[in-house]
Amino acid sequence: MVKNLTEGKPLKLLFFFALPMVMGNLFQQLYNMVDSMVVGKFVGEDALAAVGSSFPVVFLAVAIASGLSMGCTVVISQLFGAGRIMEMKTTVYTALVALGVIGIVIMFLGEVFSAPLLSLLGTDKDIMADSLIYLRIYFGGAIFLFLYNSLNGIYNALGDSKTPLLFLIISAIANIILDLAFVICFHMGVAGVAWATLIAQGVCAVISFVVLMKRLYHMQNEEENRDKKPAIFHFTAAKKIAKVGIPSIIQQSVVSVSMMCMQGLVNSYGKVFVAGYTAATKIDTLSMMPNINFSNAMSSYTAQNIGAEKEERVREGYRACVFMLIIFSVILTGIIFLFGPNILSLFLNAGSEGSAMGYGLKYMKTVSLFYAVMGIMFVSNGLLRGAGDMKAFLVSSMSNLFMRVILAYSLSYFIHESAIWISIPIGWTIGAVYSYIRVRSGKWKNNKLVETDGRA
(Lines give C-alpha, C1' and ligand atoms only; values in the text may rest on other atoms or scores of the structure.)
Protein backbone atom coordinates (compact mmCIF):
# COMPACT_ATOMS: atom_id res chain seq x y z
CA MET A 1 0.00 0.00 0.00
CA VAL A 2 1.26 3.48 -0.92
CA LYS A 3 2.06 5.52 2.20
CA ASN A 4 2.66 9.22 2.73
CA LEU A 5 5.74 9.69 4.94
CA THR A 6 5.19 13.43 5.37
CA GLU A 7 2.58 13.01 8.12
CA GLY A 8 2.60 11.29 11.52
CA LYS A 9 5.11 10.87 14.35
CA PRO A 10 8.57 10.25 12.82
CA LEU A 11 9.75 7.58 15.29
CA LYS A 12 6.65 5.41 14.93
CA LEU A 13 6.40 6.07 11.20
CA LEU A 14 10.04 5.18 10.49
CA PHE A 15 9.99 2.13 12.73
CA PHE A 16 6.98 0.57 11.02
CA PHE A 17 8.21 1.64 7.57
CA ALA A 18 11.70 0.21 8.14
CA LEU A 19 10.59 -2.96 9.97
CA PRO A 20 9.29 -4.79 6.85
CA MET A 21 12.48 -3.71 5.04
CA VAL A 22 14.59 -5.24 7.82
CA MET A 23 12.51 -8.40 7.79
CA GLY A 24 12.68 -8.56 3.99
CA ASN A 25 16.44 -8.29 3.98
CA LEU A 26 16.64 -10.85 6.77
CA PHE A 27 14.79 -13.26 4.49
CA GLN A 28 17.10 -12.31 1.63
CA GLN A 29 20.13 -12.91 3.80
CA LEU A 30 18.50 -16.07 5.12
CA TYR A 31 18.57 -17.73 1.76
CA ASN A 32 22.10 -16.43 1.15
CA MET A 33 23.07 -18.00 4.48
CA VAL A 34 21.28 -21.21 3.56
CA ASP A 35 23.39 -21.30 0.39
CA SER A 36 26.51 -21.19 2.55
CA MET A 37 25.15 -23.57 5.19
CA VAL A 38 24.13 -26.18 2.64
CA VAL A 39 27.42 -25.89 0.77
CA GLY A 40 29.56 -25.88 3.93
CA LYS A 41 27.78 -28.82 5.57
CA PHE A 42 26.94 -31.03 2.57
CA VAL A 43 29.72 -30.23 0.06
CA GLY A 44 32.67 -29.09 2.20
CA GLU A 45 34.83 -26.16 3.31
CA ASP A 46 36.44 -25.85 -0.13
CA ALA A 47 33.01 -25.29 -1.68
CA LEU A 48 32.15 -22.71 1.02
CA ALA A 49 35.42 -20.93 0.30
CA ALA A 50 34.56 -20.97 -3.42
CA VAL A 51 31.23 -19.21 -2.79
CA GLY A 52 32.99 -16.74 -0.47
CA SER A 53 35.69 -15.95 -3.02
CA SER A 54 32.99 -15.24 -5.62
CA PHE A 55 31.14 -12.79 -3.39
CA PRO A 56 33.18 -9.61 -4.10
CA VAL A 57 32.58 -10.07 -7.85
CA VAL A 58 28.87 -10.74 -7.27
CA PHE A 59 28.72 -7.62 -5.11
CA LEU A 60 30.05 -5.52 -8.00
CA ALA A 61 26.92 -6.35 -9.99
CA VAL A 62 24.75 -5.74 -6.92
CA ALA A 63 26.55 -2.40 -6.41
CA ILE A 64 25.55 -1.13 -9.85
CA ALA A 65 21.98 -2.38 -9.46
CA SER A 66 21.46 -0.94 -5.97
CA GLY A 67 23.15 2.36 -6.91
CA LEU A 68 20.75 2.97 -9.79
CA SER A 69 17.89 1.75 -7.63
CA MET A 70 18.72 4.41 -5.05
CA GLY A 71 18.64 7.05 -7.79
CA CYS A 72 15.11 5.90 -8.62
CA THR A 73 14.05 5.88 -4.97
CA VAL A 74 15.17 9.44 -4.20
CA VAL A 75 13.71 11.06 -7.34
CA ILE A 76 10.42 9.12 -7.14
CA SER A 77 10.09 9.89 -3.41
CA GLN A 78 10.56 13.63 -3.96
CA LEU A 79 8.03 13.63 -6.83
CA PHE A 80 5.54 11.65 -4.74
CA GLY A 81 6.00 14.02 -1.79
CA ALA A 82 5.43 16.98 -4.12
CA GLY A 83 2.23 15.38 -5.50
CA ARG A 84 3.51 15.19 -9.10
CA ILE A 85 2.08 11.76 -9.94
CA MET A 86 2.31 11.76 -13.74
CA GLU A 87 5.98 12.77 -13.71
CA MET A 88 6.54 10.15 -11.05
CA LYS A 89 5.04 7.45 -13.29
CA THR A 90 7.26 8.54 -16.18
CA THR A 91 10.28 8.29 -13.86
CA VAL A 92 9.24 4.77 -12.81
CA TYR A 93 8.92 3.58 -16.43
CA THR A 94 12.20 5.25 -17.37
CA ALA A 95 13.96 3.55 -14.48
CA LEU A 96 12.65 0.09 -15.37
CA VAL A 97 13.65 0.43 -19.03
CA ALA A 98 17.14 1.72 -18.19
CA LEU A 99 17.87 -0.89 -15.54
CA GLY A 100 16.56 -3.71 -17.72
CA VAL A 101 18.99 -2.75 -20.49
CA ILE A 102 21.89 -2.33 -18.07
CA GLY A 103 21.08 -5.72 -16.55
CA ILE A 104 21.46 -7.38 -19.96
CA VAL A 105 24.82 -5.64 -20.50
CA ILE A 106 26.09 -6.74 -17.06
CA MET A 107 24.90 -10.28 -17.79
CA PHE A 108 27.13 -10.38 -20.90
CA LEU A 109 30.13 -8.72 -19.20
CA GLY A 110 29.88 -11.04 -16.21
CA GLU A 111 30.05 -14.12 -18.41
CA VAL A 112 33.14 -12.78 -20.19
CA PHE A 113 35.13 -11.38 -17.26
CA SER A 114 34.35 -13.80 -14.39
CA ALA A 115 37.53 -15.85 -14.85
CA PRO A 116 39.92 -12.87 -15.15
CA LEU A 117 38.41 -11.22 -12.06
CA LEU A 118 38.79 -14.39 -9.98
CA SER A 119 42.40 -14.72 -11.12
CA LEU A 120 43.02 -11.08 -10.24
CA LEU A 121 41.74 -11.78 -6.72
CA GLY A 122 44.29 -14.57 -6.33
CA THR A 123 41.61 -17.25 -5.89
CA ASP A 124 43.09 -20.56 -4.71
CA LYS A 125 43.43 -23.07 -7.57
CA ASP A 126 41.60 -25.71 -5.50
CA ILE A 127 38.42 -23.62 -5.47
CA MET A 128 38.77 -21.77 -8.82
CA ALA A 129 36.55 -24.15 -10.83
CA ASP A 130 33.65 -23.98 -8.35
CA SER A 131 33.98 -20.19 -8.00
CA LEU A 132 33.77 -19.80 -11.78
CA ILE A 133 30.71 -22.05 -12.06
CA TYR A 134 28.94 -20.08 -9.34
CA LEU A 135 29.70 -16.71 -10.94
CA ARG A 136 28.68 -17.65 -14.47
CA ILE A 137 25.31 -19.00 -13.36
CA TYR A 138 24.75 -15.96 -11.13
CA PHE A 139 25.50 -13.49 -13.93
CA GLY A 140 23.16 -15.43 -16.21
CA GLY A 141 20.32 -13.99 -14.14
CA ALA A 142 21.67 -10.44 -13.87
CA ILE A 143 18.57 -8.92 -15.49
CA PHE A 144 16.45 -10.30 -12.63
CA LEU A 145 18.87 -8.83 -10.10
CA PHE A 146 18.56 -5.38 -11.68
CA LEU A 147 14.78 -5.51 -12.04
CA TYR A 148 14.32 -6.74 -8.49
CA ASN A 149 16.48 -3.96 -7.01
CA SER A 150 14.77 -1.24 -9.03
CA LEU A 151 11.28 -2.55 -8.17
CA ASN A 152 12.14 -2.77 -4.48
CA GLY A 153 13.40 0.83 -4.57
CA ILE A 154 10.22 2.01 -6.30
CA TYR A 155 7.95 0.39 -3.70
CA ASN A 156 9.99 2.00 -0.91
CA ALA A 157 9.80 5.39 -2.66
CA LEU A 158 6.01 5.10 -2.54
CA GLY A 159 6.15 4.39 1.20
CA ASP A 160 5.33 0.71 0.71
CA SER A 161 7.78 -1.64 2.42
CA LYS A 162 5.28 -4.45 3.06
CA THR A 163 4.75 -5.63 -0.53
CA PRO A 164 8.48 -6.32 -1.17
CA LEU A 165 8.54 -8.26 2.12
CA LEU A 166 5.79 -10.58 0.88
CA PHE A 167 7.67 -11.23 -2.36
CA LEU A 168 10.91 -11.88 -0.48
CA ILE A 169 9.26 -14.41 1.83
CA ILE A 170 8.02 -16.32 -1.22
CA SER A 171 11.46 -16.06 -2.85
CA ALA A 172 13.31 -17.15 0.31
CA ILE A 173 11.13 -20.21 0.82
CA ALA A 174 11.54 -21.19 -2.85
CA ASN A 175 15.31 -20.68 -2.64
CA ILE A 176 15.68 -22.83 0.48
CA ILE A 177 13.62 -25.67 -1.00
CA LEU A 178 15.59 -25.54 -4.27
CA ASP A 179 18.92 -25.39 -2.36
CA LEU A 180 18.13 -28.56 -0.49
CA ALA A 181 16.77 -30.32 -3.56
CA PHE A 182 19.62 -29.38 -5.93
CA VAL A 183 22.48 -30.01 -3.49
CA ILE A 184 21.28 -32.90 -1.32
CA CYS A 185 18.96 -34.76 -3.71
CA PHE A 186 20.57 -34.04 -7.10
CA HIS A 187 24.19 -33.57 -5.90
CA MET A 188 24.71 -30.42 -8.00
CA GLY A 189 27.19 -28.87 -5.55
CA VAL A 190 27.99 -25.16 -5.92
CA ALA A 191 26.05 -25.02 -9.21
CA GLY A 192 22.93 -26.09 -7.31
CA VAL A 193 22.93 -23.12 -4.93
CA ALA A 194 23.63 -20.73 -7.83
CA TRP A 195 20.67 -22.08 -9.82
CA ALA A 196 18.44 -21.94 -6.73
CA THR A 197 19.26 -18.25 -6.23
CA LEU A 198 18.71 -17.40 -9.91
CA ILE A 199 15.31 -19.12 -10.10
CA ALA A 200 14.04 -17.69 -6.80
CA GLN A 201 15.17 -14.15 -7.68
CA GLY A 202 13.65 -14.40 -11.16
CA VAL A 203 10.24 -15.45 -9.84
CA CYS A 204 10.32 -12.64 -7.26
CA ALA A 205 11.20 -10.01 -9.90
CA VAL A 206 8.45 -11.05 -12.34
CA ILE A 207 5.67 -11.11 -9.71
CA SER A 208 6.85 -7.78 -8.30
CA PHE A 209 6.80 -6.19 -11.77
CA VAL A 210 3.23 -7.33 -12.53
CA VAL A 211 1.87 -6.03 -9.20
CA LEU A 212 3.60 -2.63 -9.61
CA MET A 213 2.21 -2.14 -13.14
CA LYS A 214 -1.33 -2.78 -11.89
CA ARG A 215 -0.84 -0.38 -8.99
CA LEU A 216 0.45 2.44 -11.21
CA TYR A 217 -2.42 1.91 -13.64
CA HIS A 218 -4.97 2.55 -10.87
CA MET A 219 -3.09 5.54 -9.40
CA GLN A 220 -4.71 8.79 -10.60
CA ASN A 221 -2.64 11.69 -11.93
CA GLU A 222 -2.87 15.14 -10.38
CA GLU A 223 -5.81 17.27 -11.61
CA GLU A 224 -3.95 19.25 -14.32
CA ASN A 225 -2.64 16.02 -15.90
CA ARG A 226 -5.72 13.89 -15.31
CA ASP A 227 -6.17 12.78 -18.95
CA LYS A 228 -2.51 12.60 -19.96
CA LYS A 229 -0.47 9.42 -20.26
CA PRO A 230 3.06 9.15 -18.84
CA ALA A 231 5.96 8.53 -21.21
CA ILE A 232 7.65 5.12 -21.23
CA PHE A 233 11.09 6.75 -21.33
CA HIS A 234 12.10 10.37 -20.81
CA PHE A 235 15.62 11.79 -20.85
CA THR A 236 14.86 14.42 -18.19
CA ALA A 237 13.74 11.69 -15.82
CA ALA A 238 16.84 9.65 -16.71
CA LYS A 239 19.09 12.63 -15.94
CA LYS A 240 17.48 13.13 -12.53
CA ILE A 241 17.91 9.43 -11.72
CA ALA A 242 21.54 9.60 -12.89
CA LYS A 243 22.24 12.61 -10.65
CA VAL A 244 21.72 10.41 -7.60
CA GLY A 245 22.26 7.01 -9.23
CA ILE A 246 25.75 7.60 -10.64
CA PRO A 247 27.29 8.78 -7.33
CA SER A 248 25.52 5.85 -5.64
CA ILE A 249 26.99 3.47 -8.23
CA ILE A 250 30.43 4.97 -7.64
CA GLN A 251 30.02 4.54 -3.91
CA GLN A 252 28.71 0.98 -4.20
CA SER A 253 31.34 0.09 -6.80
CA VAL A 254 34.10 1.38 -4.55
CA VAL A 255 32.58 -0.79 -1.81
CA SER A 256 32.87 -3.71 -4.22
CA VAL A 257 36.43 -2.86 -5.24
CA SER A 258 37.42 -2.47 -1.58
CA MET A 259 35.88 -5.88 -0.91
CA MET A 260 37.91 -7.33 -3.79
CA CYS A 261 41.06 -5.76 -2.33
CA MET A 262 40.20 -7.18 1.09
CA GLN A 263 39.39 -10.56 -0.46
CA GLY A 264 42.80 -10.56 -2.12
CA LEU A 265 44.40 -10.01 1.29
CA VAL A 266 42.15 -12.65 2.85
CA ASN A 267 43.02 -15.18 0.12
CA SER A 268 46.73 -14.71 0.89
CA TYR A 269 46.20 -16.39 4.29
CA GLY A 270 44.94 -19.67 2.81
CA LYS A 271 41.64 -21.48 2.34
CA VAL A 272 41.10 -22.24 6.07
CA PHE A 273 41.19 -18.52 6.84
CA VAL A 274 38.96 -17.82 3.79
CA ALA A 275 36.32 -20.26 5.10
CA GLY A 276 36.33 -18.64 8.57
CA TYR A 277 36.21 -15.13 7.11
CA THR A 278 33.37 -16.13 4.75
CA ALA A 279 31.25 -17.55 7.56
CA ALA A 280 31.89 -14.53 9.81
CA THR A 281 31.04 -12.02 7.08
CA LYS A 282 27.76 -13.84 6.39
CA ILE A 283 26.75 -13.25 10.01
CA ASP A 284 28.20 -9.73 9.95
CA THR A 285 26.15 -8.90 6.85
CA LEU A 286 23.03 -10.16 8.59
CA SER A 287 23.80 -8.00 11.63
CA MET A 288 24.16 -4.93 9.38
CA MET A 289 20.61 -5.28 8.05
CA PRO A 290 18.95 -2.90 10.55
CA ASN A 291 21.55 -0.21 9.75
CA ILE A 292 21.23 -0.63 5.99
CA ASN A 293 17.43 -0.70 6.02
CA PHE A 294 16.96 2.21 8.40
CA SER A 295 19.38 4.10 6.16
CA ASN A 296 17.22 3.31 3.12
CA ALA A 297 14.09 4.21 5.08
CA MET A 298 15.73 7.50 6.05
CA SER A 299 16.43 8.24 2.38
CA SER A 300 12.80 7.70 1.33
CA TYR A 301 11.52 9.61 4.36
CA THR A 302 13.93 12.52 3.72
CA ALA A 303 13.11 12.68 0.00
CA GLN A 304 9.32 12.69 0.51
CA ASN A 305 9.52 15.40 3.18
CA ILE A 306 11.87 17.55 1.11
CA GLY A 307 9.45 17.24 -1.83
CA ALA A 308 6.68 18.37 0.54
CA GLU A 309 8.91 21.20 1.88
CA LYS A 310 8.94 19.81 5.44
CA GLU A 311 12.67 19.93 6.22
CA GLU A 312 12.23 20.13 10.01
CA ARG A 313 10.55 16.71 9.96
CA VAL A 314 13.74 15.36 8.42
CA ARG A 315 15.74 16.32 11.52
CA GLU A 316 13.10 14.71 13.77
CA GLY A 317 13.27 11.51 11.72
CA TYR A 318 17.07 11.51 11.86
CA ARG A 319 17.11 11.68 15.65
CA ALA A 320 14.53 8.88 15.83
CA CYS A 321 16.56 6.65 13.49
CA VAL A 322 19.81 7.14 15.41
CA PHE A 323 18.05 6.32 18.69
CA MET A 324 16.55 3.10 17.30
CA LEU A 325 19.79 1.93 15.72
CA ILE A 326 21.81 2.37 18.90
CA ILE A 327 19.33 0.05 20.66
CA PHE A 328 19.52 -2.51 17.79
CA SER A 329 23.32 -2.36 17.84
CA VAL A 330 23.62 -3.05 21.57
CA ILE A 331 21.30 -6.05 21.26
CA LEU A 332 23.18 -7.50 18.26
CA THR A 333 26.58 -7.06 19.91
CA GLY A 334 25.30 -8.89 23.01
CA ILE A 335 23.96 -11.77 20.89
CA ILE A 336 27.30 -12.19 19.09
CA PHE A 337 29.31 -12.22 22.32
CA LEU A 338 26.94 -14.68 24.00
CA PHE A 339 26.17 -17.01 21.11
CA GLY A 340 28.96 -16.43 18.54
CA PRO A 341 30.29 -20.03 18.52
CA ASN A 342 26.77 -21.46 18.26
CA ILE A 343 25.95 -19.21 15.30
CA LEU A 344 29.22 -19.99 13.51
CA SER A 345 28.63 -23.71 14.00
CA LEU A 346 25.80 -23.41 11.46
CA PHE A 347 28.52 -22.95 8.83
CA LEU A 348 31.64 -24.54 10.27
CA ASN A 349 32.71 -27.46 12.37
CA ALA A 350 34.11 -26.69 15.84
CA GLY A 351 37.79 -25.84 15.95
CA SER A 352 40.51 -24.32 18.10
CA GLU A 353 42.90 -21.38 17.59
CA GLY A 354 44.03 -21.26 13.98
CA SER A 355 40.93 -23.06 12.70
CA ALA A 356 38.23 -21.55 10.49
CA MET A 357 36.01 -21.29 13.59
CA GLY A 358 38.74 -19.47 15.55
CA TYR A 359 39.30 -16.88 12.82
CA GLY A 360 35.58 -16.29 12.43
CA LEU A 361 35.09 -15.64 16.15
CA LYS A 362 37.92 -13.10 16.29
CA TYR A 363 36.41 -11.19 13.37
CA MET A 364 32.88 -11.15 14.79
CA LYS A 365 33.81 -10.09 18.31
CA THR A 366 35.98 -7.21 17.11
CA VAL A 367 33.66 -5.57 14.57
CA SER A 368 30.44 -6.08 16.55
CA LEU A 369 31.67 -3.69 19.27
CA PHE A 370 31.34 -0.83 16.75
CA TYR A 371 27.89 -1.53 15.24
CA ALA A 372 26.48 1.65 16.83
CA VAL A 373 29.15 3.75 15.09
CA MET A 374 28.29 2.04 11.80
CA GLY A 375 24.61 2.81 12.43
CA ILE A 376 25.27 6.55 12.83
CA MET A 377 27.25 6.54 9.57
CA PHE A 378 24.53 4.69 7.65
CA VAL A 379 21.62 6.84 8.88
CA SER A 380 23.54 10.08 8.30
CA ASN A 381 24.41 8.95 4.78
CA GLY A 382 20.77 7.94 4.23
CA LEU A 383 19.66 11.48 5.02
CA LEU A 384 22.32 13.03 2.76
CA ARG A 385 21.38 10.71 -0.11
CA GLY A 386 17.64 11.35 0.28
CA ALA A 387 18.31 15.09 0.21
CA GLY A 388 20.36 14.76 -2.99
CA ASP A 389 23.54 15.91 -1.20
CA MET A 390 25.59 13.38 -3.12
CA LYS A 391 29.01 15.05 -2.81
CA ALA A 392 28.88 14.82 0.99
CA PHE A 393 27.50 11.29 0.75
CA LEU A 394 30.44 10.26 -1.44
CA VAL A 395 33.06 11.90 0.79
CA SER A 396 31.76 10.03 3.84
CA SER A 397 31.57 6.70 2.03
CA MET A 398 34.92 7.02 0.27
CA SER A 399 36.81 8.06 3.41
CA ASN A 400 35.43 5.01 5.21
CA LEU A 401 36.33 2.58 2.42
CA PHE A 402 39.74 3.94 1.44
CA MET A 403 40.97 4.07 5.03
CA ARG A 404 39.72 0.53 5.60
CA VAL A 405 41.76 -0.91 2.71
CA ILE A 406 44.86 1.21 3.36
CA LEU A 407 44.94 0.27 7.04
CA ALA A 408 44.27 -3.42 6.39
CA TYR A 409 47.23 -3.74 4.03
CA SER A 410 49.53 -1.48 6.08
CA LEU A 411 48.82 -3.14 9.43
CA SER A 412 49.01 -6.66 7.96
CA TYR A 413 52.82 -6.36 8.01
CA PHE A 414 52.73 -5.99 11.80
CA ILE A 415 49.64 -7.83 13.09
CA HIS A 416 48.96 -10.09 10.10
CA GLU A 417 45.34 -11.28 9.65
CA SER A 418 44.09 -9.23 12.64
CA ALA A 419 44.53 -6.11 10.51
CA ILE A 420 41.49 -7.15 8.46
CA TRP A 421 38.99 -6.85 11.30
CA ILE A 422 40.71 -3.96 13.08
CA SER A 423 40.61 -1.72 9.97
CA ILE A 424 36.82 -1.99 9.56
CA PRO A 425 35.65 -0.05 12.69
CA ILE A 426 38.30 2.62 12.09
CA GLY A 427 36.81 3.22 8.64
CA TRP A 428 33.29 3.38 10.09
CA THR A 429 34.37 5.96 12.66
CA ILE A 430 35.92 8.26 10.05
CA GLY A 431 32.84 8.08 7.82
CA ALA A 432 30.44 8.57 10.74
CA VAL A 433 32.21 11.70 12.03
CA TYR A 434 32.15 13.41 8.63
CA SER A 435 28.51 12.59 7.75
CA TYR A 436 27.27 13.54 11.24
CA ILE A 437 28.96 16.96 11.00
CA ARG A 438 27.40 17.48 7.54
CA VAL A 439 23.91 16.61 8.81
CA ARG A 440 24.29 18.99 11.75
CA SER A 441 25.39 21.81 9.43
CA GLY A 442 22.07 21.78 7.53
CA LYS A 443 23.79 22.29 4.16
CA TRP A 444 21.99 19.23 2.76
CA LYS A 445 18.82 21.37 2.42
CA ASN A 446 20.21 23.10 -0.69
CA ASN A 447 20.24 20.05 -3.01
CA LYS A 448 16.55 19.46 -3.86
CA LEU A 449 16.09 17.48 -7.13
CA VAL A 450 12.43 18.43 -7.70
CA GLU A 451 10.98 21.92 -7.92
CA THR A 452 7.69 22.51 -6.12
CA ASP A 453 6.26 25.22 -8.35
CA GLY A 454 5.15 22.91 -11.17
CA ARG A 455 8.35 23.03 -13.20
CA ALA A 456 9.98 19.81 -14.43
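No experiment lies behind these values; they were computed from the predicted model shown. (Residues numbered from 1 in each chain as written. Predicted model: local features only at pLDDT ≥ 70, side-chain atom pairs only at ≥ 80, totals over all residues. Heavy atoms only, no water.)

### A word on the pattern of salt bridges
1) Next: According to the stated counting rule, one finds four salt bridges in the structure shown.
2) Next: Linking R84 and E87 is a salt bridge whose minimum nitrogen-to-oxygen distance equals 2.5 Å. One exposure class covers both R84 and E87, and it is buried.
3) Next: Note that D160 is salt-bridged to R215, the shortest N-O span being 2.4 Å. One end of the pair, D160, is in the loop between α5 (142-157) and α6 (162-185); the other, R215, is in helix α7 (residues 189-218), and 55 residues separate them in sequence.
4) Next: Owing to a relative accessible area of 1%, D160 belongs among the buried residues under this scheme.
5) Next: The structure contains a network of salt bridges with shared partners spanning R84, E87 and K240. (Salt bridge = Lys/Arg side-chain N within 4 Å of Asp/Glu carboxyl O. Buried < 20%, exposed > 50% of the residue type's maximum accessible area, 1.4 Å probe, protein only. Helix = DSSP H or I, 4+ residues; strand = E, 2+ residues; numbered from the N terminus.)

### Observations concerning the packing of helix α3 (residues 85-120) against α5
1) Next: Running from amino to carboxyl end, α3 crosses α5 at an angle of 155°, the nearest separation of the two axes being 7 Å. What the angle tells us is that α3 and α5 run roughly antiparallel. Considering the relative orientation of α3 and α5, their crossing is right-handed. Here α3 contributes V92, L96, L99, G100, I102, G103, I104, I106 and M107 to the contact with α5, which in turn contributes A142, I143, F146, L147, S150, L151 and I154. (Axes fitted to C-alpha atoms, helices over the stretch in contact; angles between N-to-C directions. Parallel < 35°, antiparallel > 145°, perpendicular 65-115°, else oblique. Left-handed = near helix turned anticlockwise from the far one by under 90°. Contact = heavy atoms within 4.5 Å.)

### What to know about the side chain of S161
1) Next: Position of S161 relative to the elements: it lies in the loop between α5 and α6.
2) Next: Reaching out from S161, the side chain makes a polar contact with the backbone oxygen of F17 at a distance of 2.6 Å.
3) Next: Ignoring sequence-local partners within four residues, the contact set of S161 consists of F16, F17, P20, M21 and N156. (Polar contact = N/O pair within 3.5 Å; in protein donor to acceptor, adjacent residues only side chain to side chain.)

### What to know about the side chain of S397
1) Next: Within the element layout of this structure, S397 appears in helix α14 (residues 390-415).
2) Next: Of note is the side chain of S397, whose polar atom sits 3.0 Å from the backbone oxygen of F393.
3) Next: With near-sequence residues (within four places) excluded, S397 lies in contact with Q251 and N381.

### A closer look at the state of the cysteines
1) Next: Going through the model one piece at a time under the given rule, you end up with zero disulfides.
2) Next: Considering cysteine sulfurs only, C204 is the nearest to C72, which forms no disulfide, with 17 Å between them.
3) Next: The exposure class assigned to C72 is buried, which follows from its relative accessible area of 0%.
4) Next: You can call C204 buried: its relative accessible area is 4%. (Disulfide = S-S within 2.5 Å.)

### Structural notes on the packing of α5 against α7
1) Next: Orientation of α5 relative to α7, taken along the N-to-C sense of each, is 40°, at an axis distance of 9 Å. The angle between α5 and α7 places the two elements in the oblique class. Note on packing geometry: the crossing formed by α5 with α7 is left-handed. Across the interface between the two elements, F144, L145, L147, Y148, L151, I154 and Y155 of α5 pack against Q201, G202, C204, A205, V206, S208, F209, V211, L212 and R215 of α7.

### Structural notes on the environment of V39
1) Next: Structurally, V39 is set in helix α1 (residues 10-42).
2) Next: Considering only alpha carbons, one finds V39 and L180, 141 residues apart in sequence, at a separation of 9.8 Å.
3) Next: With residues up to four places along the chain from it excluded, the contact list for V39 reads G44, A47, L48, V51 and V193.

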